[in-house]
Amino acid sequence: MGVKFRGRREDYRLVTGAGCYTSDWNFPDQVYAVFVRSNRGHAKLRGIDASVAREMEGVLAVLTGEDTMAAGFGAAPSLIRYPGKGGMSFPKIHREVMAETRVRYVGQEVALVVATTETIAQDAAESIIVDYEDMASVVDAEDALKPGAPQLYDHIQNNLVFDFEYGNEAVAKEAFVGAAHVTKLVLDAPRLIGNPMEPKAALATYDPATEVYDLYAPSQGMTMMRGGLSVGTGIPPEKLRCHAYDVGGGFGVRAEAYSEYCSLLLAAKKVGRPVKWISTRSETFLSDHHGRAAKMYGELALDTNGKFLAVRFTWIVNAGGYLSGSGSFINTMPPSTHAINVYTIPVVHGVHRIVVTNTTPTTAYRGAARPNVSYIVERLVDEAAREMGIDRLDLRRRNIIPKESYPYSTPTGSVYDSGDVTGLLEDAVKFSDWSGYSKRLADSKMRGKLRGRALCVFTEPAGTGGSPVEETAIKFTETGKALLYTVSGPSGQGHETSYPEIVAAVLGIDPHDITLRFSDPDGPFLRGDGTIGSRSLMSYGSALHNAAKVVIEKGHKLAAKHLEVGAQDIDFVEGQYRVKGTDLFVGLQELAKTYVDTENTLDTQFAGAQMYSFPTGAHVAEVEVDPETGVVEIQSYVGVDDCGTVINHELAEGQVQGGIMQGLGQVLGEVCVYSDEGQLVSGSFMDYCMPRAHDINCLALYWRPIPAPNNPLGAKGVGEAGTTGAVPTLANAIIDALHPLGVNHIDLPLSPSRIWEAINRMQKLG
Ligand code: MCN
């Protein structure tokens, strides 16, 4: 398919320091902002004394909740447009852009200082005295639901925001009553912090003549940012220009239209100068919306032959002190679409409860809620196999949806487009040398180590939740080069490489003659969402592919006119319109250059439909656990993935690698810990264990592609698949190693101390 780049074309710019991240934007006359944040989990705001700050030389403004309230800021956008259990509607929760009368989590913005230097702004912020009246906090979602728990909102009963129900409760009950065996588990998907390398930052400007705001911020898409900020501030979308150039990691948490950005827009207007704010890493820990944070109750019903009869779930989701843009959505409808994972489970029932607590709001984080689904289902399958004495792979083989049953309609109404999970499983068995395990197990034993392994299969809904229309544009320059425009840009995914490759393959031109412009408000006005849900390649890639086809069609007519022949006499071959049977031709780029900016321009804008797919995978991990220390070493990791047609192997493989690393982080070390008062105890890299490159040095990745039937590229999503596969695979492998000692469950993360404690508990009992 076209000429391939070696590696990612953006990398040279990025690794040579020529990238342009938010802190690299600077404007003449700019000033600096620092936020004062709540140091209380739950308190009434009695007053703010900023008198000293206001008098300090260099301080231009101190803004508080009174200002954002007076500006009319505060509506919280929500993606939930469907009813909950019993027709329950999703309530409106006013988002205090800066705290107005109450703080609901540590880190919530209370005041904003704007000064001529960052140091002055910081000094001034430290002089501000906030008078709090402490209230009781609740940080655990299950505790928040209990009678007598502190209440966060007067209009939200028992802190329960929304109950989402799917499947059929009565039918599930019947299936469970009639089952030969029921396996039950309660799992914790711990609260995680995305921690992109680039901290949250923004530069806001305001032009009084046009009343236009410009916001430079690391975001996963300008349209999502513009939409969210417009709802939050009341500023009309056409007056808001959101820019993102290089973005140092997104992971879902950069898709949020953060309240800080609203305050900065107001500050830019008030002081009449560009206002710049770069958060500290501590602020990133506290105020970037967190991920996961769900407790999951799961049950699997089986017949005597190990055939899965039904699954039942209850999720208690900790939404934090305010509702984020997508947190409630990603924890409700999308998980219901793959609740059966890749199995022929006929009956499902689930209730997902969204609960507010005195913690940082939670949102989508790589995988959104998909790794939770694969984690609970695949843990249930491994436990059921052990309990029933059936081989873990055989149990899966008996229940996997056969290849010929695709497209497969699930009991919750979703349709899996295509797949061959048995094929993935058998490949994974082969590539991981599953049958040679006993020798490796014996070898580990000899060295005094516990060895475990697991094979997990999974699917995930790529593409859910995006805009119904995904627009792209192709424009040509005076030199015949092409510019591509999308509202979905990279935050590490490599779109600057893959989108041009897709267009080059259709136009038959050198991909180096094609440049991607993303999140560029100076480009054509485009609809669509940003880089979310592992759908950009399917949606925008397909739209670009189709746009390129329109360019060729337009060019065909133009070439006929240009060459003074009939259109039927022309063939388009490798970037050239050739007159059949002659050596007469004109190149597409030549044509584009000749007619640039004329009524015959080849420029094209194309509105594609939103695409969805259900990528699948089978991952195998083998681990060794040191019983003396509880330290886990990953001995091998094999991933076999189906993301449909792989458009760029290097990028797609990098995506799976990165995703696996994030899954590994969740399994081995990452967890947010709150004190009962709502203090984030794990608020720095000293206390929050990020995965390191040396944690895994044995990744072997393979593809078994089944092209997606519903898009011209045959592509499925891949950006989150690694995480969805790694969480259950690594967790199951470690539990497998510990199982001979009687340990069949440890809450994530499976850190050395937790494993060591579990082993010692068992040894004491035994
Ligand atoms: N690709 C491919 N063939 C396919 C599918 C994808 O070659 N069949 C390649 C494409 O070239 C594309 C990349 O894989 O550049 C990812 O494509 P896709 O699966 O469509 O995912 P998105 O582009 O929509 O990216 C979003 C996804 C999400 S939701 C998160 S979270 C995430 C992720 O991507 N955050 C990331 N990957 C990340 N990678 C990095 N480095 N940093 C992040 O913040």
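Residues numbered from 1 in each chain as written. Predicted model: local features only at pLDDT ≥ 70, side-chain atom pairs only at ≥ 80, totals over all residues. Heavy atoms only, no water.

A. Geometry of helix α19 (residues 649-668). An ideal rise of 1.5 Å per residue puts 28 Å on 20 residues; α19 measures up with 28 Å between its terminal C-alpha atoms. By the criterion of burial, α19 is predominantly enclosed, with 14 of the 20 residues buried. Measuring from the side-chain oxygen of the N-cap residue of α19 to the backbone nitrogen of Glu 650 gives 3.0 Å; that N-cap residue is Asn 648. (Helix = DSSP H or I, 4+ residues; strand = E, 2+ residues; numbered from the N terminus. Expected span 1.5 Å × (residues − 1). Buried < 20%, exposed > 50% of the residue type's maximum accessible area, 1.4 Å probe, protein only. Polar contact = N/O pair within 3.5 Å; in protein donor to acceptor, adjacent residues only side chain to side chain.)

B. Just the pattern of salt bridges, in detail. Inspection of every chain in the model, using the stated rule, returns 49 salt bridges. Between Arg 396 and Asp 382 there is a salt bridge; the shortest N-O distance is 2.9 Å. Here Arg 396 is found in helix α13 (residues 392-399), whereas its partner Asp 382 is found in helix α12 (residues 370-388), with 14 residues between them in sequence. Taking relative accessible area as the criterion, Arg 396 reaches 0% and is therefore assigned buried. The partner of Asp 642 in a salt bridge is Lys 716, and the shortest N-O contact between them spans 2.8 Å. Here Asp 642 is found in strand β27 (residues 632-642), whereas its partner Lys 716 is found in the loop between β28 (699-703) and α20 (721-738), with 74 residues between them in sequence. (Salt bridge = Lys/Arg side-chain N within 4 Å of Asp/Glu carboxyl O.)

C. Quick peek at the sheet that holds strand β4 (residues 102-103). Here we have 3 strands laid out as an open sheet, ordered β4-β2-β6, and antiparallel in their pairing. Whereas interior strands pair on both sides, the edge strands pair on one side only; in this sheet they are β4 and β6 (129-134). As defined by bridge partners, strand β2 (residues 43-49) adjoins β6 across 6 bridges and the pair is classed as antiparallel. Residue Ala 43 lies in a different strand from β6, and its bridge partner there is Asp 134. (Pairing = 2+ DSSP bridges.)

D. The arrangement of the layout of surface pockets in detail. Reported here for the second largest pocket is a volume of approximately 480 Å³. Taken together, 21 residues line the second largest pocket, and the ones lying closest to its centre are Asp 140, Asp 188, Arg 191, Asn 318 and Cys 672. Counting residues per element, the ones that place at least two in the lining of the second largest pocket are α5 (141-145), β8 (181-192), β13 (291-302) and β14 (308-320). Within the lining of the second largest pocket, the residues separate by chemical class into 12 nonpolar, 2 polar and 7 charged. (1 Å grid on protein atoms, 1.4 Å probe; cavity = no way out; pocket = protein on both sides within 12 Å on 5 of 7 lines; lining within 4 Å. Points joined across faces, edges and corners; volume = space filled by probe spheres on them. Nonpolar A, V, L, I, M, F, W, Y, C, P; charged D, E, K, R; others polar.)

E. Region of the structure containing the site of the ligand. Among the 32 residues in the neighbourhood of the ligand, the closest are listed as Gly 250, His 495, Ser 536, Gln 655 and Val 718. Within the contact set of the ligand, an oxygen atom lies 2.7 Å away from a backbone nitrogen or oxygen of Gly 250. In the complex, 95% of the free accessible area of the ligand, which totals 840 Å², lies under the protein chains. Residue contributions to the shell around the ligand peak at 3 residues, all from α19. For the shell around the ligand, the class distribution of residues is 10 nonpolar, 18 polar and 4 charged. (Near = heavy atom within 4 Å. Areas by Shrake-Rupley, 256 points an atom, 1.4 Å probe, with all protein chains shown as cover.)

F. Broad picture of the environment of Thr 357. Summarising the element assignment, Thr 357 is placed in the loop between β15 (347-356) and α12. For Thr 357, a relative accessible area of 0% puts it in the buried group. Linking Thr 357 and Val 631, residues 274 residues apart in sequence, is a C-alpha distance of 33 Å. If sequence neighbours within four positions are ignored, Thr 357 has contacts with Arg 104, Val 138, Val 139, Asp 140, Ala 141, Ala 144, Leu 152, Arg 191, Asn 318, Gly 320 and Gly 321. Here the side chain of Thr 357 touches Thr 359 through a polar contact of 2.7 Å, side chain to side chain. (Contact = heavy atoms within 4.5 Å.)

G. How the structure looks around the sheet that holds β28. Taken in spatial order, the 4 strands line up as β18-β26-β27-β28 in an open sheet, and their pairing is mixed. Of all the strands in the sheet, just β18 (450-459) and β28 have a single pairing partner and so form its edges. This sheet shows a mean twist of 10° between the axes of neighbouring strands, independent of strand direction. In this fold α20 packs onto β18, β26 (616-625) and β27, with an angle of close to 150° to the strand it touches most, β18. (Axes fitted to C-alpha atoms, helices over the stretch in contact; angles between N-to-C directions.)

H. Up close: the packing of α12 against α13. Two elements in contact, α12 and α13, have axes separated by 9 Å at closest approach and are oriented at 115°. Like other packed secondary-structure pairs, α12 and α13 cross with a definite hand, here right-handed. Contacts between α12 and α13 involve Glu 378, Val 381, Asp 382, Ala 384, Ala 385 and Arg 386 on the former and, on the latter, Arg 392, Leu 395 and Arg 396. Grouping the amino acids of the contact of α12 with α13 by side-chain chemistry returns 4 nonpolar, no polar and 5 charged. (Left-handed = near helix turned anticlockwise from the far one by under 90°.)

I. Representation of the domain arrangement of the protein chain. Partitioning the protein chain into domains gives domain 1 (23-135 + 213-273), domain 2 (291-462 + 612-765) and domain 3 (469-609). Spacing between the C-alpha centres of domain 1 and domain 3 amounts to 39 Å. On the domain 3 side, the residues contacting the 16 residues of domain 1 number 17 residues. Between domain 1 and domain 3 lies a buried interface of about 1,200 Å² when both sides are counted; carbon and sulfur atoms form 53% of it. When residues of domain 1 are sorted by the area they lose upon contact with domain 3, Gln 220, Met 222 and Thr 223 head the list and together hold 37% of the total. Between the two partners, domain 1 and domain 3, sit 1 salt bridge. With a closest N to O distance of 3.1 Å, Arg 241 and Asp 522 form a salt bridge. Here domain 1 is connected to domain 3 by 4 residue pairs in polar contact (both at pLDDT 80 or more). Mapped onto the side of domain 1 that touches domain 3, the elements with two or more residues apiece are α7 (222-233) and β11 (240-243). The element contributing the most residues to the side of domain 1 that touches domain 3 is α7, with 4 residues. (Domains from an automatic or database assignment. Buried area = accessible area lost by both parts, 1.4 Å probe.)

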